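# Breakdown of the fold
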Amino acid sequence: MSATMMKGSIPMEIKKVSISAKRQITIPQKFFAMLGFDTEAECMVRGNELVIRPAKTNTGGEFAEQILADLIEQGYSGKELLQHFKQAQSQVRPAVEKMIGEAESVAVSESEYMTYEDIFGEEEKI
């Protein structure tokens, strides 16, 4: 049995699923296809909710060019450049996930919104 509810102004479709003795669930086919699941899922706790979503493939290329350019400009090269690049690259996803979480809070009116400039600062004029 499924139901549609509203979370703020966002409609949510809900389907009750069984949990096996081994703590396993089956993702309803409609949700599986709609969200683009493949062979892996990510699980996270958000407040008192368990969120299960398709696993994101991380190619490692997010902002890579900008990170490298910035590190080279700072004078890094060789092994030191590689070390700093890996550190900076590992911080991208958590920062983006935090921003998405904050955006979700704004979307359901749990907090005030921030502007692009609040997040990224003023655009530099070249």
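Described below are features of the structure shown in this document. All values derive from a computational prediction rather than experimental measurement.

## Brief notes about the packing of aromatic side chains
Per the stated rule, a full pass over the model turns up 1 aromatic pair. Arranged with centres 5.6 Å apart and planes meeting at 20°, the rings of F32 and F37 form a pair that is stacked. You can call F37 buried: its relative accessible area is 10%.

## Concerning helix 2 (residues 64-73)
Every buried residue of helix 2 is listed here: A64, I67 and L71. The buried residues of helix 2 occupy one face: seen down the axis, they fall within an arc of 65°. Projecting away from the buried face of helix 2 at angles above 90 degrees are the exposed residues E65, Q66, I72 and E73. On the buried face of helix 2, the contacting elements are helix 3 (78-107). Immediately beyond the C-terminal end of helix 2, within one or two residues, lies G75, with a positive phi of roughly 100°.

## Some words on the pattern of salt bridges
Within this structure, the stated rule accounts for 4 salt bridges. For R53, the salt bridge identified is with E42, shortest N-O distance 2.9 Å. With R53 in strand 4 (residues 49-54) and E42 in strand 3 (residues 41-46), the pair connects residues that are 11 residues apart, well separated along the chain. Salt bridges linked by common partners bring E42, R53 and E97 together as one network.

Conventions and cut-offs
- Residues numbered from 1 in each chain as written.
- Predicted model: local features only at pLDDT ≥ 70, side-chain atom pairs only at ≥ 80, totals over all residues.
- Heavy atoms only, no water.
- Phe/Tyr/Trp six-rings, centres within 6.5 Å; stacked < 30°, edge-to-face > 60°.
- Buried < 20%, exposed > 50% of the residue type's maximum accessible area, 1.4 Å probe, protein only.
- Helix = DSSP H or I, 4+ residues; strand = E, 2+ residues; numbered from the N terminus.
- Arc of directions from axis to C-beta.
- Contact = heavy atoms within 4.5 Å.
- Salt bridge = Lys/Arg side-chain N within 4 Å of Asp/Glu carboxyl O.

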